[in-house]
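Each chain is listed here by its residues.
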Amino acid sequence: MGGEPTSGAAGAPPAAAPGPGGTPKAVGIVWALLGLNTLGSAGAKTVVPLPRSLIQMATMGALVAAFALALALNPRLRIRASAFLFLLTLLLVPSVIASVQPDVGFGALFRCTRLAVFVGTLWLLSHWWDGGLTFVRYHIRMYFAVLVLVAAGLVVAPGTAMPEYYGGRLVGALWPLTPPQIGQYAAIVIGLAVLLVLGRRTTAGSAAVVVVPSLVLLAMTHTRTATLGLLIGLVLAIGSLVLTSAAARRFFAWAVLCATVAAVAFSSALRAWFLRGQSQENFANLTGRAKVWDALLAEPRSTGEKVFGTGLGDKSFDGLPIDNSWLAVYDEQGLIGVVVVAALVVVIGGVALLRPPSLPRACAIFLISYCAISSYTEVGLGDASAYLLHLALAASLLVAPAHPAPLPVAEIPRRRIPRWARR
(Lines give C-alpha, C1' and ligand atoms only; values in the text may rest on other atoms or scores of the structure.)
Protein backbone atom coordinates (compact mmCIF):
# COMPACT_ATOMS: atom_id res chain seq x y z
CA MET A 1 0.00 0.00 0.00
CA GLY A 2 2.99 2.25 0.31
CA GLY A 3 6.67 2.36 -0.47
CA GLU A 4 9.72 4.02 0.98
CA PRO A 5 9.36 7.52 2.43
CA THR A 6 9.95 10.24 -0.10
CA SER A 7 10.62 13.90 0.33
CA GLY A 8 8.57 16.71 -1.10
CA ALA A 9 11.41 19.21 -0.80
CA ALA A 10 13.90 19.39 -3.64
CA GLY A 11 17.34 18.24 -2.68
CA ALA A 12 16.26 17.03 0.75
CA PRO A 13 17.63 13.68 1.87
CA PRO A 14 15.21 10.78 2.09
CA ALA A 15 13.39 10.40 5.37
CA ALA A 16 14.54 7.73 7.74
CA ALA A 17 12.02 5.10 8.61
CA PRO A 18 10.43 5.81 12.00
CA GLY A 19 11.51 3.17 14.44
CA PRO A 20 9.46 1.62 17.24
CA GLY A 21 8.17 4.38 19.45
CA GLY A 22 9.52 6.96 17.00
CA THR A 23 6.15 8.58 16.28
CA PRO A 24 5.84 11.94 18.07
CA LYS A 25 3.01 12.14 20.59
CA ALA A 26 1.69 15.21 18.81
CA VAL A 27 0.77 12.98 15.86
CA GLY A 28 -1.95 11.51 18.07
CA ILE A 29 -3.27 15.03 18.64
CA VAL A 30 -3.44 15.57 14.87
CA TRP A 31 -5.37 12.32 14.48
CA ALA A 32 -7.80 13.35 17.23
CA LEU A 33 -8.35 16.74 15.57
CA LEU A 34 -9.19 14.98 12.29
CA GLY A 35 -11.70 12.87 14.19
CA LEU A 36 -13.24 15.98 15.75
CA ASN A 37 -13.67 17.48 12.29
CA THR A 38 -15.64 14.43 11.13
CA LEU A 39 -18.15 14.54 14.01
CA GLY A 40 -20.34 16.94 12.03
CA SER A 41 -22.53 19.81 13.13
CA ALA A 42 -26.05 18.41 12.65
CA GLY A 43 -27.73 15.86 14.83
CA ALA A 44 -29.89 15.55 17.91
CA LYS A 45 -30.95 18.32 20.28
CA THR A 46 -28.51 18.85 23.12
CA VAL A 47 -29.02 19.76 26.77
CA VAL A 48 -27.48 23.17 26.18
CA PRO A 49 -28.49 24.34 22.68
CA LEU A 50 -25.35 24.77 20.60
CA PRO A 51 -25.58 27.06 17.55
CA ARG A 52 -24.68 25.21 14.40
CA SER A 53 -22.34 28.00 13.39
CA LEU A 54 -20.40 27.53 16.64
CA ILE A 55 -20.09 23.78 16.08
CA GLN A 56 -18.95 24.35 12.50
CA MET A 57 -16.32 26.79 13.71
CA ALA A 58 -15.08 24.17 16.18
CA THR A 59 -14.94 21.36 13.62
CA MET A 60 -13.34 23.46 10.89
CA GLY A 61 -10.95 24.99 13.39
CA ALA A 62 -9.94 21.46 14.37
CA LEU A 63 -9.16 20.64 10.72
CA VAL A 64 -7.07 23.78 10.24
CA ALA A 65 -5.25 23.10 13.51
CA ALA A 66 -4.63 19.49 12.45
CA PHE A 67 -3.09 20.60 9.15
CA ALA A 68 -0.96 23.28 10.80
CA LEU A 69 0.31 20.92 13.50
CA ALA A 70 1.04 18.17 10.94
CA LEU A 71 2.98 20.70 8.87
CA ALA A 72 4.93 21.78 11.94
CA LEU A 73 5.78 18.16 12.71
CA ASN A 74 6.75 17.47 9.10
CA PRO A 75 8.20 20.77 7.80
CA ARG A 76 10.31 19.09 5.09
CA LEU A 77 7.17 17.53 3.61
CA ARG A 78 8.44 13.98 3.91
CA ILE A 79 5.69 11.66 2.77
CA ARG A 80 5.22 7.98 2.05
CA ALA A 81 3.95 7.01 -1.37
CA SER A 82 0.47 5.48 -1.13
CA ALA A 83 -2.00 4.29 -3.74
CA PHE A 84 -4.79 5.03 -1.25
CA LEU A 85 -3.78 8.68 -0.87
CA PHE A 86 -3.19 9.04 -4.61
CA LEU A 87 -6.73 7.88 -5.38
CA LEU A 88 -8.11 10.06 -2.61
CA THR A 89 -6.32 13.04 -4.15
CA LEU A 90 -7.66 12.06 -7.57
CA LEU A 91 -11.17 12.25 -6.12
CA LEU A 92 -10.67 16.00 -5.79
CA VAL A 93 -10.74 16.38 -9.59
CA PRO A 94 -14.46 15.64 -10.19
CA SER A 95 -15.30 17.38 -6.91
CA VAL A 96 -13.68 20.63 -8.02
CA ILE A 97 -14.95 20.44 -11.61
CA ALA A 98 -18.55 20.03 -10.44
CA SER A 99 -18.26 22.57 -7.62
CA VAL A 100 -16.92 25.46 -9.72
CA GLN A 101 -20.13 25.68 -11.75
CA PRO A 102 -21.80 29.10 -11.28
CA ASP A 103 -25.15 27.65 -10.21
CA VAL A 104 -23.71 25.32 -7.57
CA GLY A 105 -23.00 27.86 -4.86
CA PHE A 106 -20.20 28.70 -2.45
CA GLY A 107 -20.95 25.79 -0.12
CA ALA A 108 -19.65 23.23 -2.62
CA LEU A 109 -16.31 25.02 -2.96
CA PHE A 110 -16.06 25.27 0.80
CA ARG A 111 -16.55 21.50 1.09
CA CYS A 112 -13.95 20.93 -1.64
CA THR A 113 -11.48 23.02 0.33
CA ARG A 114 -12.27 21.01 3.45
CA LEU A 115 -11.68 17.74 1.59
CA ALA A 116 -8.39 19.05 0.16
CA VAL A 117 -7.10 20.08 3.60
CA PHE A 118 -8.22 16.73 5.03
CA VAL A 119 -6.35 14.80 2.33
CA GLY A 120 -3.32 17.08 2.67
CA THR A 121 -3.15 16.35 6.40
CA LEU A 122 -3.24 12.61 5.70
CA TRP A 123 -0.35 13.03 3.25
CA LEU A 124 1.69 14.77 5.96
CA LEU A 125 0.90 12.03 8.48
CA SER A 126 1.85 9.29 6.01
CA HIS A 127 5.49 9.84 6.97
CA TRP A 128 4.73 7.92 10.21
CA TRP A 129 2.75 5.11 8.56
CA ASP A 130 4.91 2.06 9.15
CA GLY A 131 2.46 -0.83 9.34
CA GLY A 132 2.43 -0.70 13.15
CA LEU A 133 -0.44 -0.38 15.62
CA THR A 134 0.29 3.14 16.86
CA PHE A 135 -2.55 4.72 14.91
CA VAL A 136 -4.92 1.93 16.01
CA ARG A 137 -4.41 3.02 19.60
CA TYR A 138 -4.97 6.65 18.59
CA HIS A 139 -8.20 5.60 16.90
CA ILE A 140 -9.52 3.67 19.90
CA ARG A 141 -8.72 6.45 22.37
CA MET A 142 -10.25 9.11 20.17
CA TYR A 143 -13.59 7.40 19.61
CA PHE A 144 -13.80 6.02 23.13
CA ALA A 145 -13.48 9.61 24.36
CA VAL A 146 -16.50 10.46 22.18
CA LEU A 147 -18.40 7.52 23.68
CA VAL A 148 -17.53 8.73 27.20
CA LEU A 149 -19.05 12.09 26.25
CA VAL A 150 -22.19 10.30 25.04
CA ALA A 151 -22.39 8.30 28.29
CA ALA A 152 -21.99 11.50 30.30
CA GLY A 153 -24.90 13.02 28.41
CA LEU A 154 -26.99 9.93 29.15
CA VAL A 155 -26.28 10.32 32.89
CA VAL A 156 -26.88 14.09 32.95
CA ALA A 157 -30.06 14.13 30.86
CA PRO A 158 -31.46 10.66 30.07
CA GLY A 159 -34.61 12.12 28.50
CA THR A 160 -32.61 14.25 26.07
CA ALA A 161 -30.22 11.39 25.33
CA MET A 162 -33.06 9.01 24.38
CA PRO A 163 -35.69 11.25 22.75
CA GLU A 164 -39.01 10.11 21.36
CA TYR A 165 -38.41 11.66 17.93
CA TYR A 166 -35.60 9.09 17.48
CA GLY A 167 -37.76 6.25 18.77
CA GLY A 168 -36.02 6.14 22.13
CA ARG A 169 -32.62 5.47 20.57
CA LEU A 170 -29.47 6.85 22.14
CA VAL A 171 -28.23 10.21 20.80
CA GLY A 172 -25.62 12.73 21.88
CA ALA A 173 -27.01 15.00 24.59
CA LEU A 174 -23.84 17.09 25.03
CA TRP A 175 -22.69 17.10 21.39
CA PRO A 176 -25.20 16.60 18.56
CA LEU A 177 -24.60 12.99 17.53
CA THR A 178 -27.11 10.71 15.82
CA PRO A 179 -27.68 7.03 16.73
CA PRO A 180 -25.88 5.78 13.58
CA GLN A 181 -22.83 7.87 14.47
CA ILE A 182 -22.67 6.55 18.03
CA GLY A 183 -23.23 3.01 16.79
CA GLN A 184 -20.42 3.39 14.27
CA TYR A 185 -17.93 4.66 16.86
CA ALA A 186 -18.88 1.92 19.34
CA ALA A 187 -18.55 -0.82 16.71
CA ILE A 188 -15.12 0.39 15.59
CA VAL A 189 -13.85 0.62 19.17
CA ILE A 190 -15.17 -2.86 20.03
CA GLY A 191 -13.75 -4.51 16.92
CA LEU A 192 -10.27 -3.02 17.22
CA ALA A 193 -10.08 -3.70 20.98
CA VAL A 194 -11.07 -7.35 20.50
CA LEU A 195 -8.40 -7.80 17.84
CA LEU A 196 -5.74 -6.25 20.09
CA VAL A 197 -6.64 -8.75 22.79
CA LEU A 198 -6.40 -11.66 20.36
CA GLY A 199 -3.03 -10.37 19.19
CA ARG A 200 -1.88 -10.06 22.82
CA ARG A 201 -1.17 -6.37 22.42
CA THR A 202 -3.32 -5.51 25.43
CA THR A 203 -4.74 -7.29 28.46
CA ALA A 204 -8.26 -8.65 28.68
CA GLY A 205 -9.00 -6.37 31.64
CA SER A 206 -7.94 -3.23 29.77
CA ALA A 207 -9.99 -4.27 26.76
CA ALA A 208 -13.06 -5.01 28.91
CA VAL A 209 -13.01 -1.44 30.24
CA VAL A 210 -13.45 -0.28 26.64
CA VAL A 211 -15.54 -3.08 25.12
CA VAL A 212 -18.25 -3.55 27.76
CA PRO A 213 -19.53 0.05 27.93
CA SER A 214 -19.21 0.35 24.15
CA LEU A 215 -21.40 -2.74 23.73
CA VAL A 216 -24.02 -1.22 26.03
CA LEU A 217 -24.05 2.04 24.05
CA LEU A 218 -24.22 0.14 20.75
CA ALA A 219 -27.25 -1.81 21.98
CA MET A 220 -28.93 1.43 23.10
CA THR A 221 -28.53 2.99 19.64
CA HIS A 222 -30.45 0.12 17.96
CA THR A 223 -28.19 0.61 14.94
CA ARG A 224 -28.53 -2.40 12.65
CA THR A 225 -25.84 -1.36 10.17
CA ALA A 226 -23.20 -0.91 12.86
CA THR A 227 -24.11 -4.22 14.49
CA LEU A 228 -23.92 -6.18 11.24
CA GLY A 229 -20.72 -4.40 10.24
CA LEU A 230 -19.15 -5.26 13.59
CA LEU A 231 -20.13 -8.95 13.42
CA ILE A 232 -19.20 -9.52 9.78
CA GLY A 233 -16.01 -7.47 10.06
CA LEU A 234 -14.86 -9.42 13.12
CA VAL A 235 -15.64 -12.75 11.45
CA LEU A 236 -13.50 -11.84 8.44
CA ALA A 237 -10.70 -10.31 10.53
CA ILE A 238 -10.49 -13.21 12.99
CA GLY A 239 -10.79 -15.66 10.09
CA SER A 240 -7.60 -14.17 8.66
CA LEU A 241 -5.82 -15.06 11.92
CA VAL A 242 -7.23 -18.56 12.41
CA LEU A 243 -4.35 -20.36 10.69
CA THR A 244 -1.64 -18.55 12.65
CA SER A 245 -3.17 -17.79 16.06
CA ALA A 246 -4.41 -20.33 18.61
CA ALA A 247 -6.16 -17.54 20.54
CA ALA A 248 -8.06 -16.57 17.39
CA ARG A 249 -9.12 -20.18 16.83
CA ARG A 250 -10.40 -20.49 20.41
CA PHE A 251 -12.22 -17.19 20.25
CA PHE A 252 -13.77 -18.04 16.89
CA ALA A 253 -15.01 -21.40 18.14
CA TRP A 254 -16.54 -19.93 21.31
CA ALA A 255 -18.07 -17.04 19.37
CA VAL A 256 -19.77 -19.43 16.93
CA LEU A 257 -21.09 -21.54 19.80
CA CYS A 258 -22.42 -18.55 21.75
CA ALA A 259 -23.96 -17.00 18.63
CA THR A 260 -25.76 -20.26 17.81
CA VAL A 261 -27.15 -20.58 21.34
CA ALA A 262 -28.22 -16.92 21.40
CA ALA A 263 -29.91 -17.21 18.00
CA VAL A 264 -31.96 -20.16 19.20
CA ALA A 265 -32.77 -18.96 22.73
CA PHE A 266 -33.38 -15.29 21.98
CA SER A 267 -34.63 -15.37 18.40
CA SER A 268 -37.82 -13.42 19.12
CA ALA A 269 -35.99 -10.76 21.15
CA LEU A 270 -33.32 -10.36 18.47
CA ARG A 271 -35.99 -10.07 15.78
CA ALA A 272 -37.82 -7.39 17.76
CA TRP A 273 -34.55 -5.50 18.30
CA PHE A 274 -33.76 -5.50 14.58
CA LEU A 275 -37.27 -4.46 13.54
CA ARG A 276 -37.31 -1.58 16.08
CA GLY A 277 -41.11 -1.62 16.04
CA GLN A 278 -41.29 -1.15 12.27
CA SER A 279 -43.62 -2.98 9.95
CA GLN A 280 -42.30 -5.58 7.53
CA GLU A 281 -42.94 -3.24 4.59
CA ASN A 282 -41.06 -0.36 6.20
CA PHE A 283 -38.20 -2.68 7.07
CA ALA A 284 -38.10 -4.04 3.52
CA ASN A 285 -37.70 -0.59 1.92
CA LEU A 286 -34.99 0.29 4.47
CA THR A 287 -37.06 2.85 6.41
CA GLY A 288 -37.94 4.79 3.29
CA ARG A 289 -34.41 4.96 1.91
CA ALA A 290 -35.33 2.99 -1.22
CA LYS A 291 -37.86 5.66 -2.26
CA VAL A 292 -35.18 8.37 -2.08
CA TRP A 293 -32.77 6.20 -4.06
CA ASP A 294 -35.31 5.56 -6.80
CA ALA A 295 -36.11 9.26 -7.07
CA LEU A 296 -32.41 10.17 -7.24
CA LEU A 297 -31.72 7.69 -10.03
CA ALA A 298 -34.81 8.84 -11.96
CA GLU A 299 -33.76 12.50 -11.81
CA PRO A 300 -32.95 13.88 -15.30
CA ARG A 301 -29.28 14.90 -15.57
CA SER A 302 -27.10 16.46 -18.20
CA THR A 303 -24.04 14.64 -19.50
CA GLY A 304 -21.77 16.82 -17.37
CA GLU A 305 -23.80 16.07 -14.24
CA LYS A 306 -23.69 12.36 -14.95
CA VAL A 307 -19.92 12.39 -15.45
CA PHE A 308 -18.79 14.94 -12.84
CA GLY A 309 -21.81 15.23 -10.51
CA THR A 310 -23.53 18.30 -9.11
CA GLY A 311 -20.84 19.34 -6.60
CA LEU A 312 -20.23 18.48 -2.98
CA GLY A 313 -23.31 19.02 -0.82
CA ASP A 314 -24.94 17.86 2.38
CA LYS A 315 -25.60 14.32 1.07
CA SER A 316 -29.33 14.91 0.63
CA PHE A 317 -31.78 14.81 -2.28
CA ASP A 318 -34.90 16.97 -2.26
CA GLY A 319 -34.34 17.62 1.41
CA LEU A 320 -34.14 13.92 2.33
CA PRO A 321 -30.92 12.12 3.33
CA ILE A 322 -29.50 9.84 0.64
CA ASP A 323 -28.05 7.34 3.15
CA ASN A 324 -26.00 5.47 0.56
CA SER A 325 -22.36 6.28 -0.10
CA TRP A 326 -22.36 5.15 -3.72
CA LEU A 327 -25.47 7.10 -4.69
CA ALA A 328 -24.21 10.15 -2.78
CA VAL A 329 -20.93 9.99 -4.70
CA TYR A 330 -22.82 9.58 -7.98
CA ASP A 331 -25.00 12.58 -7.16
CA GLU A 332 -22.14 14.87 -6.11
CA GLN A 333 -19.06 13.58 -7.98
CA GLY A 334 -20.61 11.70 -10.88
CA LEU A 335 -19.55 8.48 -12.51
CA ILE A 336 -15.88 9.47 -12.29
CA GLY A 337 -16.23 9.79 -8.54
CA VAL A 338 -17.90 6.37 -8.31
CA VAL A 339 -15.07 4.78 -10.32
CA VAL A 340 -12.39 6.43 -8.16
CA VAL A 341 -14.05 5.42 -4.87
CA ALA A 342 -14.59 1.88 -6.14
CA ALA A 343 -10.94 1.69 -7.19
CA LEU A 344 -9.93 2.98 -3.76
CA VAL A 345 -11.87 0.26 -1.95
CA VAL A 346 -10.78 -2.48 -4.36
CA VAL A 347 -7.09 -1.51 -4.18
CA ILE A 348 -6.93 -1.30 -0.40
CA GLY A 349 -8.94 -4.52 -0.09
CA GLY A 350 -6.69 -6.30 -2.58
CA VAL A 351 -3.56 -5.21 -0.74
CA ALA A 352 -5.06 -6.52 2.51
CA LEU A 353 -5.67 -9.92 0.93
CA LEU A 354 -2.12 -10.11 -0.44
CA ARG A 355 -0.42 -9.31 2.86
CA PRO A 356 0.74 -12.25 5.01
CA PRO A 357 -1.37 -13.00 8.10
CA SER A 358 -0.69 -10.55 10.93
CA LEU A 359 -2.54 -8.48 13.51
CA PRO A 360 -2.24 -5.20 11.52
CA ARG A 361 -3.65 -6.99 8.47
CA ALA A 362 -6.58 -8.32 10.54
CA CYS A 363 -7.34 -4.80 11.83
CA ALA A 364 -7.23 -3.47 8.28
CA ILE A 365 -9.60 -6.22 7.06
CA PHE A 366 -12.02 -5.38 9.85
CA LEU A 367 -12.00 -1.66 8.98
CA ILE A 368 -12.36 -2.22 5.23
CA SER A 369 -15.17 -4.74 5.72
CA TYR A 370 -17.02 -2.45 8.09
CA CYS A 371 -16.80 0.52 5.72
CA ALA A 372 -17.89 -1.58 2.73
CA ILE A 373 -20.95 -2.90 4.59
CA SER A 374 -21.89 0.50 6.02
CA SER A 375 -21.61 2.18 2.63
CA TYR A 376 -24.97 0.64 1.69
CA THR A 377 -26.94 2.65 4.26
CA GLU A 378 -24.47 5.38 5.27
CA VAL A 379 -22.68 8.19 3.43
CA GLY A 380 -19.10 9.36 3.70
CA LEU A 381 -16.84 7.56 1.22
CA GLY A 382 -16.66 10.56 -1.09
CA ASP A 383 -16.04 13.35 1.42
CA ALA A 384 -14.07 14.09 4.59
CA SER A 385 -15.72 11.75 7.08
CA ALA A 386 -15.14 9.14 9.75
CA TYR A 387 -15.33 6.45 7.07
CA LEU A 388 -12.41 7.94 5.16
CA LEU A 389 -10.52 8.13 8.46
CA HIS A 390 -11.21 4.42 9.05
CA LEU A 391 -9.90 3.60 5.58
CA ALA A 392 -6.86 5.83 6.13
CA LEU A 393 -6.11 3.84 9.29
CA ALA A 394 -6.43 0.63 7.27
CA ALA A 395 -4.00 2.03 4.69
CA SER A 396 -1.50 2.89 7.42
CA LEU A 397 -1.67 -0.71 8.65
CA LEU A 398 -0.97 -2.12 5.19
CA VAL A 399 2.17 -0.10 4.55
CA ALA A 400 5.19 -2.32 4.13
CA PRO A 401 7.68 -1.44 6.89
CA ALA A 402 10.70 0.37 5.51
CA HIS A 403 13.92 -1.48 6.21
CA PRO A 404 16.62 0.92 7.40
CA ALA A 405 19.82 0.92 5.39
CA PRO A 406 22.62 -1.09 7.00
CA LEU A 407 25.21 0.97 8.83
CA PRO A 408 28.47 1.35 6.94
CA VAL A 409 31.21 -0.86 8.32
CA ALA A 410 34.69 0.53 8.20
CA GLU A 411 37.17 -1.71 6.46
CA ILE A 412 39.92 -3.08 8.67
CA PRO A 413 43.26 -2.48 6.96
CA ARG A 414 45.04 -5.70 6.13
CA ARG A 415 48.37 -6.04 7.82
CA ARG A 416 51.28 -6.66 5.49
CA ILE A 417 53.06 -9.87 6.34
CA PRO A 418 56.77 -10.02 5.49
CA ARG A 419 57.83 -12.64 2.96
CA TRP A 420 60.02 -14.44 5.43
CA ALA A 421 57.10 -14.78 7.86
CA ARG A 422 54.92 -16.37 5.20
CA ARG A 423 57.44 -19.17 4.89
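Given the structure is predicted, the values throughout are model-derived calculations rather than measurements. (Residues numbered from 1 in each chain as written. Predicted model: local features only at pLDDT ≥ 70, side-chain atom pairs only at ≥ 80, totals over all residues. Heavy atoms only, no water.)

## Some thoughts on the overall build of the protein chain
The helix and strand tally for the protein chain stands at 19 helices and four strands. Across the 423 residues in the protein chain, those meeting the buried criterion constitute 47%. Taking as baseline every contact in the protein chain between residues at least 6 positions apart, the subset at least 24 positions apart corresponds to 77%. Roughly 20500 Å² of accessible area belongs to the protein chain as shown, and the carbon and sulfur atoms make up 69% of that amount. (Helix = DSSP H or I, 4+ residues; strand = E, 2+ residues; numbered from the N terminus. Buried < 20%, exposed > 50% of the residue type's maximum accessible area, 1.4 Å probe, protein only. Contact = heavy atoms within 4.5 Å. Areas by Shrake-Rupley, 256 points an atom, 1.4 Å probe, with all protein chains shown as cover.)

## Structural notes on the confidence of the model for the protein chain
For the protein chain, the mean per-residue pLDDT works out to 85, and 85% of the residues sit at or above 70. In the model, residues 7–20 has pLDDT below 50 throughout and makes 20 contacts with residues more than four positions away in sequence or in other chains. (pLDDT = per-residue confidence, 0-100.)

## Considerations on the packing of helix H14 (residues 289–298) against helix H16 (residues 325–354)
With their axes 11 Å apart at the nearest point, H14 and H16 run at an angle of 30 degrees to one another. With respect to their mutual orientation, H14 and H16 come out roughly parallel. In this structure, H14 meets H16 at a crossing whose hand is left-handed. Judged by residue contacts, Trp293, Leu296 and Leu297 of H14 engage Leu327, Tyr330 and Asp331 from H16. Per-class residue counts for the contact of H14 with H16 are five nonpolar, no polar and one charged. (Axes fitted to C-alpha atoms, helices over the stretch in contact; angles between N-to-C directions. Parallel < 35°, antiparallel > 145°, perpendicular 65-115°, else oblique. Left-handed = near helix turned anticlockwise from the far one by under 90°. Nonpolar A, V, L, I, M, F, W, Y, C, P; charged D, E, K, R; others polar.)

## Concerning the nonpolar core
Counting 100 residues, the largest nonpolar core has Trp31, Leu34, Phe84, Leu122, Leu125, Leu192 and Phe366 as the members making the most contacts within it. Ranked by residues supplied to this core, first place goes to helix H8 (residues 179–198) with 13 residues. Residues in contact with Trp31, not counting those within four places in the same chain, are Leu122, Leu125, Phe135, Tyr138, His139, Met142, Leu389, Ala392 and Leu393. Grouped together as the second largest cluster of nonpolar side chains are eight residues, Leu296, Phe317, Leu327 and Tyr330 included. (Core = buried A, V, L, I, M, F, W, Y, C linked by side-chain atoms within 4.5 Å.)

## Quick notes on the pattern of salt bridges
Note on pairing: side chains with opposite charge can pair once their charged atoms come close. With the rule as written, the count across this model stands at three salt bridges. Measuring nitrogen to oxygen at the nearest pair gives 3.1 Å for the salt bridge that ties Glu332 to Lys315. Here the residue Glu332 occupies a position in helix H16, and Lys315 occupies one in the loop between helix H15 (303–308) and strand S3 (316–317), the gap between them amounting to 17 residues. Judged by its relative accessible area of 2%, Glu332 falls in the buried class. Here the salt bridges do not stand alone but share partners, grouping Lys315, Glu332 and Asp383 into one network. (Salt bridge = Lys/Arg side-chain N within 4 Å of Asp/Glu carboxyl O.)

## Points about the packing of aromatic side chains
The description of two aromatic rings rests on the distance between their centres and on the angle between their planes. With the rule as written, the count across this model stands at six aromatic pairs. Here Tyr165 and Tyr166 contribute two aromatic rings whose centre-to-centre distance is 5.3 Å and whose plane-to-plane angle is 50 degrees, an arrangement assigned as tilted. The class for Tyr166 is partly exposed, based on a relative accessible area of 26%. Here Phe366 and Tyr370 contribute two aromatic rings whose centre-to-centre distance is 6.4 Å and whose plane-to-plane angle is 40 degrees, an arrangement assigned as tilted. Note that Phe366 and Tyr370 are positioned in helix H17 (residues 359–374) at a spacing of four residues, about one turn of the helix. Looking at Tyr370, the relative accessible area reads 1%, which means it is buried. Grouping aromatic residues by their ring pairs yields a cluster made of Trp31, Phe135 and Tyr138. Looking at Lys45, its charged tip hangs above the ring of Tyr165, at a distance of 5.7 Å from the centre. (Phe/Tyr/Trp six-rings, centres within 6.5 Å; stacked < 30°, edge-to-face > 60°. Lys NZ or Arg CZ within 6 Å of the ring centre and 35° of its normal.)

## Observations concerning the packing of helix H6 (residues 134–156) against H8
Relative orientation and spacing of two packed helices are given, respectively, by the angle between their axes and the distance between those axes. Between H6 and H8, the shortest axis-to-axis distance is 9 Å and the interhelical angle comes to 135 degrees. The orientation of H6 relative to H8 falls into the category oblique. The crossing of H6 and H8 is left-handed. Between H6 and H8, the contacting residues are Val136, Arg137, His139, Ile140, Tyr143, Phe144, Val146, Leu147 and Val150 on the first element and Ile182, Tyr185, Ala186, Ile188, Val189, Leu192, Ala193 and Leu196 on the second. Classifying every residue of the contact of H6 with H8 gives 15 nonpolar, one polar and one charged.

## Some remarks on unusual backbone geometry
Positive phi outside glycine occurs at Lys315, with the angle close to 60 degrees. Judged by its relative accessible area of 14%, Lys315 falls in the buried class.

## Description of H16
Three or four residues apart is the spacing at which side chains of an α-helix point the same way, because the helix has 3.6 residues per turn. End to end, H16 covers just 26 Å across 30 residues, shorter than the expected 44 Å (1.5 Å per residue, more than 12% under). With a side-chain oxygen lying 3.0 Å from the backbone nitrogen of Trp326, the N-terminal cap of H16 falls on Asn324. (Expected span 1.5 Å × (residues − 1). Polar contact = N/O pair within 3.5 Å; in protein donor to acceptor, adjacent residues only side chain to side chain.)

## Concerning the environment of Glu305
With respect to the helices and strands, Glu305 occurs in helix H15. Here the alpha-carbon distance between Glu305 and Tyr330, two residues 25 residues apart in the chain, equals 9.1 Å. Residue contacts for Glu305: discarding those within four places in its chain leaves Pro300, Thr310 and Gly334.

## Some thoughts on the side chain of Arg301
By the element assignment, Arg301 lies in the loop between H14 and H15. A polar contact of 2.7 Å, which involves the side chain of Arg301, links it to the side chain of Asp331. Leaving out residues up to four positions away in the same chain, Arg301 has contacts with Leu296, Lys306, Thr310, Tyr330 and Asp331.

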